[in-house]
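Architecture and fold: a report
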Amino acid sequence: RIKLGTESNGGFRNITISNCVFDHCRGLALETVDGAELEDVTISNITMHNVNNAPIFLRLGSRMRGPAGVAVGKLRRINIGDIVVYDANPKQSCIISGIPGHPIEGLSLHDIRLVYPGGGAADDESIHPPEKENGYPEPSMFGALPAYGFYIRHVKDLTMANVQIGYEKEDQRPAIVLDDVQKGRFRFL
């Protein structure tokens with residue numbers, strides 16, 4: 001797994017991650033929950049196989065274990081592209097979640113191919129995951145998810161281009177669920 005956070009008082013800036021293979025492990029995680037800024041990150045040319053939780057997990061939260069008086073952090077200007085994921089955990093889609101009043105900003109997801117095993121039930125489509133604003137950031141914190149590809153909420157200025165989402169066995173949930181997404185631009189194959 002490649003992970004920025006959980007402890008994030010100092011922040012993360014101007015980072016490039018490229019040309020990596022994840023095999024039989026956890027996915028990519030960018031997390032800021034203690035008031036730090038996580039910004040200007042580019043991630044590209046990643047292949048993931050047999051991922052046992054969310055392949056892509058971006059979390060802006062308000063656990064606030066840093067010094068008193070620190071404001072909620074920022075998660076912004078993130079560019080993720082040229083990603084291939086197959087055989088990921090079907091119970092956890094890619095999760096991108098800010099919190100009410102503090103959206104993730106300036107997120108670009110492009111040239112991504114996800115293939116899940118599938119098998120999700122239509123009943124799961126009505127699930128509304130809890131916010132858990134001050135919880136430890138982990139993909140399992142939200143429980144079952146209403147989408148099999150991407151669950152995206154509290155995001156401002158989102159671009160998704162050339163994203164392919166599929167499954168090996170039918171999944172009755174939608175591929176993408178958006179909740180409180182402002183200024184979204186989408187181009188799918």
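Presented here is an overview of the structure given in this document.

Conventions and cut-offs
Residues numbered from 1 in each chain as written. Predicted model: local features only at pLDDT ≥ 70, side-chain atom pairs only at ≥ 80, totals over all residues. Heavy atoms only, no water. Helix = DSSP H or I, 4+ residues; strand = E, 2+ residues; numbered from the N terminus. Buried < 20%, exposed > 50% of the residue type's maximum accessible area, 1.4 Å probe, protein only. Contact = heavy atoms within 4.5 Å. Areas by Shrake-Rupley, 256 points an atom, 1.4 Å probe, with all protein chains shown as cover. Core = buried A, V, L, I, M, F, W, Y, C linked by side-chain atoms within 4.5 Å. Salt bridge = Lys/Arg side-chain N within 4 Å of Asp/Glu carboxyl O. Polar contact = N/O pair within 3.5 Å; in protein donor to acceptor, adjacent residues only side chain to side chain. Patch = residues over 30% accessible without salt bridge, like charges linked within 9 Å, V, L, I, M, F, W, Y side chains within 5 Å. Phe/Tyr/Trp six-rings, centres within 6.5 Å; stacked < 30°, edge-to-face > 60°.

Scanning the protein chain for helices and strands turns up zero helices and 10 strands. Listed by position from the N terminus, the elements making up the protein chain come as β-β-β-β-β-β-β-β-β-β. Its C-alpha atoms give the protein chain principal-axis dimensions of roughly 50 × 35 × 30 Å. Across the 189 residues in the protein chain, those meeting the buried criterion constitute 47%. Relative to all contacts within the protein chain whose residues are 6 or more apart in sequence, the contacts with residues 24 or more apart total 84%. Counting every atom, the protein chain has about 8,100 Å² of accessible surface; 47% of that belongs to carbon and sulfur.

A few words now on the nonpolar core. Counting residues in each nonpolar core, the largest one holds 37 residues, and the members touching the most others are Ile 43, Leu 58, Ile 78, Ile 80, Ile 96, Leu 109 and Phe 150. Elements supplying a minimum of two residues to this core: β2 (12–25), β3 (28–32), β4 (37–51), β5 (56–60), β6 (74–86), β7 (94–97), β8 (104–118) and β9 (150–169). Discounting residues that sit within four places of it in the chain, Ile 43 has contacts with Ile 17, Leu 28, Leu 30, Asn 79, Ile 80, Gly 81 and Ile 83. Grouped together as the second largest cluster of nonpolar side chains are 10 residues, Ala 29, Ala 54, Phe 142 and Tyr 151 included.

Now for the pattern of salt bridges. All told, the structure shown has 15 salt bridges when counted by the stated rule. Close ionic contact of Glu 39 with Arg 77 constitutes a salt bridge, the shortest N to O distance being 3.2 Å. Here Glu 39, found in strand β4, pairs with Arg 77, found in strand β6; they are 38 residues apart in sequence, far enough to count as distant. Using a relative accessible area of 41% as the deciding quantity, one classes Arg 77 as partly exposed. Here Asp 171 makes a salt bridge to Arg 173, at a shortest N to O gap of 2.8 Å. By the burial criterion, Asp 171 is buried, and Arg 173 matches it. What you see here is one network of salt bridges that share partners, running through Arg 13, Glu 37, Glu 39, Asp 40, Arg 76 and Arg 77.

Here Thr 32 is to be found in strand β3. Classification of Thr 32 as buried rests on a relative accessible area of 1%. Engagement of the side chain of Thr 32 in a polar contact is seen with the backbone oxygen of Ala 36, the distance being 2.8 Å. If we ignore the near neighbours within four places in the chain, the residues touching Thr 32 are Ser 8, Leu 38, Arg 59, Leu 60, Gly 61, Lys 74 and Leu 75.

Further remarks concern unusual backbone geometry. Residues other than glycine predominantly adopt negative phi, and peptide bonds predominantly adopt the trans conformation. Cis rather than trans, the peptide bond between Gly 5 and Thr 6 has omega equal to 15°. Assignment of secondary structure puts Thr 6 in the loop between β1 (3–4) and β2. The phi torsion at Asn 14 lies on the positive side, around 55°, for a residue other than glycine. Residue position: Asn 14 is located in strand β2. By relative accessible area, Asn 14 is classed as exposed at 63%.

Here we take up a nonpolar patch on the surface. Together, Leu 178, Phe 186 and Phe 188 give the surface a local cluster of nonpolar side chains, amounting to about 260 Å² of exposed area. With respect to the helices and strands, the residue Phe 186 is situated in strand β10 (residues 176–187). Classification of Phe 186 as partly exposed rests on a relative accessible area of 37%.

Summarising the element assignment, Tyr 167 is placed in strand β9. Ignoring sequence-local partners within four residues, the contact set of Tyr 167 consists of Tyr 116, Pro 117, Gly 118 and Tyr 148.

Let's shift gears to the packing of aromatic side chains. Scanning the entire structure with this criterion turns up one aromatic pair. Note on Tyr 148 and Tyr 167: the rings are 5.2 Å apart at their centroids and 75° apart in plane angle, and the pair reads as edge-to-face. Taken together, the positions of Tyr 148 in the loop between β8 and β9 and Tyr 167 in strand β9 put the pair 19 residues apart, joining distant regions of the chain. Classification of Tyr 148 by relative accessible area gives buried; the value is 8%.

That is the geometry; function is a separate question.
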